[in-house]
Amino acid sequence: MAPGEKIKAKIKKNLPVTGPQAPTIKELMRWYCLNTNTHGCRRIVVSRGRLRRLLWILFTLTAVALIFWQCALLVISFYTVSVSIKIHFQKLDFPAVTICNINPYKYSAVRDLLADLEQETRGALKTLYGFSEIKSRKRRDAESWSSVWEGTRPKFLNLVPLLAFKEGEMGKARDFLTGRKRKVSGSIIRKESDVMNVHESKEVVGFQLCSNDTSNCAVYTFSSGVNAIQEWYKLHYMNIMAQVSLEKKINMSYSAEELLVTCFFDGVSCDARNFTLFHHPMYGNCYTFNNRQNETILSTSMGGSEYGLQVILHINEEEYNPFLVSSTGAKVIIHRQDEYPFVEDVGTEIETAMATSIGMHLDGKQRWNLLLPPNGLQTALTSYTESFKLSEPYSQCTEDGSDVPVENIYKAAYSLKICLHSCFQTKMVEKCGCAQYSQPLPPAANYCNYQQHPNWMYCYYQLHQAFVREELGCQSVCREACSFKEWTLTTSLAQWPSEVSEKWLLSVLTWDQGLQIKKKLNKTDLAKLLIFYKDLNQRSIMENPANSIEMLLSNFGGQLGLWMSCSIVCIIEIVEVFFIDSLSIIARQQWQKAKQWWAQRQAPPCPEAPPSPQGQDNPVLDIDDDLPTFTSALHLPPAPGTQVPGTPPPKYNTLRLERAFSNQLTDTQVPAEF
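Residues numbered from 1 in each chain as written. Predicted model: local features only at pLDDT ≥ 70, side-chain atom pairs only at ≥ 80, totals over all residues. Heavy atoms only, no water.

Trainee: What is the right way to look at the sheet that holds strand 2 (residues 96–101) in this model?
Mentor: Consider a sheet: its strands pair through backbone hydrogen bonds, and that pairing is either parallel or antiparallel. Taken together, the 5 strands give an open sheet; going across it, the order is 11-12-2-14-15, and neighbouring strands pair in antiparallel fashion. The open sheet terminates on both sides in strands that have one partner only, identified here as strand 11 (275–280) and strand 15 (348–350). On average, each strand axis in the sheet is tilted by 30° relative to the strand beside it, whichever way the strands run. (Pairing = 2+ DSSP bridges. Helix = DSSP H or I, 4+ residues; strand = E, 2+ residues; numbered from the N terminus. Axes fitted to C-alpha atoms, helices over the stretch in contact; angles between N-to-C directions.)

Trainee: Explain the state of the cysteines here, please?
Mentor: In a disulfide, the sulfur atoms of two cysteines are covalently bonded to one another. Counting across every chain of the model gives 8 disulfides. Two residues, C423 and C474, share a disulfide whose sulfurs are 2.0 Å apart. Classification of the bridge connecting C423 and C474 rests on its S-S torsion, roughly -80°, and on that basis the disulfide is left-handed. With a gap of 51 residues between them, C423 in helix 12 (residues 416–432) and C474 in helix 14 (residues 474–477) connect regions that are remote in the sequence. Comparing C423 with C474 shows no difference in burial state: the two are buried. Two residues share a disulfide in this structure: C432 and C459, whose sulfurs sit 1.8 Å from each other. (Disulfide = S-S within 2.5 Å. Buried < 20%, exposed > 50% of the residue type's maximum accessible area, 1.4 Å probe, protein only.)

Trainee: Is there a simple way to explain the nonpolar core in this structure?
Mentor: The tendency in soluble globular proteins is for nonpolar side chains to be buried as a group. Judged by nonpolar contacts, the single largest core of 102 residues is most densely connected at F94, V97, F207, Y237, W456 and I531. Ignoring any residue separated from it by four or fewer positions in sequence, one finds V97 in contact with Y287, T288, F289, L309, V332, I333, I334 and I531. Listed in part, the 9 residues of the second largest apolar core include I312, W496, L505 and L506. (Core = buried A, V, L, I, M, F, W, Y, C linked by side-chain atoms within 4.5 Å. Contact = heavy atoms within 4.5 Å.)

Trainee: Would you explain the packing of helix 12 against helix 13 (residues 456–468) in this entry?
Mentor: Between two packed helices, both the angle of their axes relative to each other and the distance between the axes serve to describe the pair. Helix 13 packs onto helix 12 with a crossing angle of 135° between their chain directions and a minimal axis gap of 10 Å. Classified by the angle between their axes, helix 12 and helix 13 sit oblique to one another. Crossing hand, helix 12 versus helix 13: right-handed. Note on element contacts: helix 13 touches helix 12 through W456, C459, Y460, L463, H464 and F467, opposite L420, F424, K427, M428, K431 and C432. Among the residues forming the contact of helix 12 with helix 13, the class breakdown is 9 nonpolar, 1 polar and 2 charged. (Parallel < 35°, antiparallel > 145°, perpendicular 65-115°, else oblique. Left-handed = near helix turned anticlockwise from the far one by under 90°. Nonpolar A, V, L, I, M, F, W, Y, C, P; charged D, E, K, R; others polar.)

Trainee: How should the confidence of the model for the protein be read in this particular structure?
Mentor: Caution is warranted with low-pLDDT regions, since their predicted coordinates should not be read in detail. For the protein, per-residue confidence averages 75 on the pLDDT scale, and residues scoring 70 or more make up 66% of the total. Looking at the elements of the protein, mean pLDDT is at its lowest for strand 17 (residues 368–371), recorded as 31, and at its highest for strand 12 (residues 284–289), recorded as 96. A low-confidence stretch, residues 134–149 stays under pLDDT 50, and its non-local contacts, those more than four residues away or across chains, total 36 contacts. Low pLDDT (under 50) marks residues 657–662, which in the prediction has 7 contacts with non-local residues, meaning those over four places away or in another chain. (pLDDT = per-residue confidence, 0-100.)

Trainee: In this structure, what is going on with the environment of V346? I would like to understand it.
Mentor: Turning to its location among the elements, V346 is positioned in helix 11 (residues 343–346). Residue V346 is classed as partly exposed on the basis of its relative accessible area, which comes to 46%. When the C-alpha positions of V346 and K331 are compared, they lie 9.4 Å apart, and in sequence the two are 15 residues distant.

Trainee: Please clarify how the side chain of S357 should be interpreted in this entry.
Mentor: Locating S357 in the fold gives a position in strand 16 (residues 354–361). On the basis of relative accessible area, S357 is assigned to the buried category, the value being 17%. Setting aside anything within four residues of it in sequence, one finds S357 in contact with T490, T491, S492, L530 and F532.

Trainee: When you look at the side chain of T288 in this model, what are you seeing that I'm missing?
Mentor: Along the chain, T288 falls in strand 12. Of the polar contacts made by the side chain of T288, one reaches the side chain of T98; its length is 2.9 Å. Each residue touching T288, except ones within four places of it in the same chain, is listed here: A96, V97, T98, N274, F275, T276, F278 and H335. (Polar contact = N/O pair within 3.5 Å; in protein donor to acceptor, adjacent residues only side chain to side chain.)

Trainee: How do you make sense of helix 13 when you look at a structure like this?
Mentor: In this model, helix 13 (13 residues) spans 18 Å end to end at C-alpha, consistent with the 18 Å of a helix rising 1.5 Å per residue. Counting buried positions along helix 13 yields 10 of 13 residues, so the element is predominantly enclosed. For helix 13, the set of buried residues is W456, M457, Y458, C459, Y460, Y461, L463, Q465, A466 and F467. Downstream of helix 13 by a residue or two, E470 has a phi angle that is positive, lying close to 60°. (Expected span 1.5 Å × (residues − 1).)

Trainee: Looking at this structure, I do not really get the packing of helix 8 (residues 225–241) against helix 13. What am I missing?
Mentor: As a packed pair, helix 8 and helix 13 sit with axes 12 Å apart at the nearest point and diverge in direction by 120°. Judged by the angle between their axes, helix 8 and helix 13 are oblique. By crossing handedness, the relation of helix 8 to helix 13 is classed as right-handed. On helix 13, the residues that touch E231, L235, M238 and N239 of helix 8 are W456, M457 and Y461. Taken together, the residues of the contact of helix 8 with helix 13 break down into 5 nonpolar, 1 polar and 1 charged.

Trainee: When you look at a nonpolar patch on the surface in this model, what are you seeing that I'm missing?
Mentor: A grouping of I25, V575, F578, F579, I580, L583 and I586 is seen on the molecular surface, where their side chains present a nonpolar patch of about 630 Å² in accessible area. It is helix 17 (residues 568–602) that provides the largest number of residues to the nonpolar patch, a total of 6 residues. By the element assignment, L583 lies in helix 17. (Patch = residues over 30% accessible without salt bridge, like charges linked within 9 Å, V, L, I, M, F, W, Y side chains within 5 Å. Areas by Shrake-Rupley, 256 points an atom, 1.4 Å probe, with all protein chains shown as cover. Salt bridge = Lys/Arg side-chain N within 4 Å of Asp/Glu carboxyl O.)

In structure tokens:
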């Protein structure tokens, strides 16, 4: 090796170039591979042999590609806002139970208020079907049908006339009041019937509703006269009861002592003091058990019918309104303590002279046991699921309804059903100027009645049709609650009391209720209800974020450690070398080029000959960055076009490089002079 090359190697060995001080990107990358903590990059440089080095390059590039692929999958998974579901079992408190009589008010208390409406309803039945009501009850006053329309002009049939249409003649109808045919204008809306007719009817019954100026009318028809009469009666019934004060309606309905005959819970006797009054516009006085009185929630000690709620209800069929309700019994709904009981929507009906059992089975399974005793028995279980969803961005649910632009008028915990009903009631007040009777009142609003709003029924029906067609926007603004409980109830029925125990059991119950009733109880006036847990386990379904920032960083670290044996320090090192140092070197090179260009541009042209290069200014010496030695200087060719100045050769001792090296090289040592 030439002496100059040895000196150059020695300098590079003793004075290594590091980091951003490297002159080129190539030197910087070499320095990084020799000093990095990632093993693959280091093995590329230190491996001997082209094959081994090529394999390490392939391994490293494959690992980098896998890292980018896995990290891309992690980022995509993070932004898909997926959730993980956890299911666990735990013990549960007893739910709230709301019980209502299907008949809202005692007929003897509201008879005077509904006398005119009942008389016109009977007259309409006689006109349409040509028969009189069978007066088998003693409480009904005897009256002849010939005097139905005598004395006073019917006002309810004038407000909402009942009409009968023949098949194929929908433009003409027979008026119930006059019995004559007349032309009918307006759109005809067919309503579904609850009563299915086997044979096609030749006549269709309905009623006509018009706006204030009577220019816009709509005819609502029903395939069954039963539904038409009940719907027509219900409209006028709501108008009458909307003008009665709440205190008076509570007094006209059933008290807790009248409705509840016996009560047991968890093997301990209970009474009316354990129930809370809840007045429903369409069901009158309802009573809720375990409604968090005194901030306490009752719970059962064990599962089974003996440790649940057992009540006997006095239905009192003789006090039923014959046109408002056509069935006998009670309605029960199981719900949370802070949840509004929508009895009219999800209530379960209880039959009289029957024992109704509701078993709450909380493991999500449903089982049916079909037994066939002489009186018939059907057993079923209740499926219950409690769900907890995550709000945005994981789903469109709401925590408490505060971010939903609909005011909650029910004063209960938010639910989708509450939002929809509140939205409709608010639209009703805006469009019709009054509130619908079957729902709570919004602030500063009144219930609709004929005196203040003569044509509110037309507005209500039109608004209801728009709500069903989702034209009011309620379905778009209302969102599902993030946490809710779903109860799927199926009933078990058994005849009660049995024929062998009916005599003594009814006698004892009559004696127990001696202060409340003054007649012997009949089994058709009673109903038994049992609500209990099959077991005390609850299935809860909870949603948790499947990805978070912490989990994303942890997954990144796992992928880097698995494929590159790399840590966060290596990431900082990569950022420093590949971004900071590399950009610094490129910027420094560009700056040097810019300075040279600027210096050449600013330098004035010189007419004189350029000075002769001397010493290290000889361009031949630019082939090496190292200092010249005596031997290398003798081999240097003369500069082109010039002569080497005739200066005496330097002394050998002036070529010593003691300042650059700690030890003098053997081939550059100068012999001593004598």
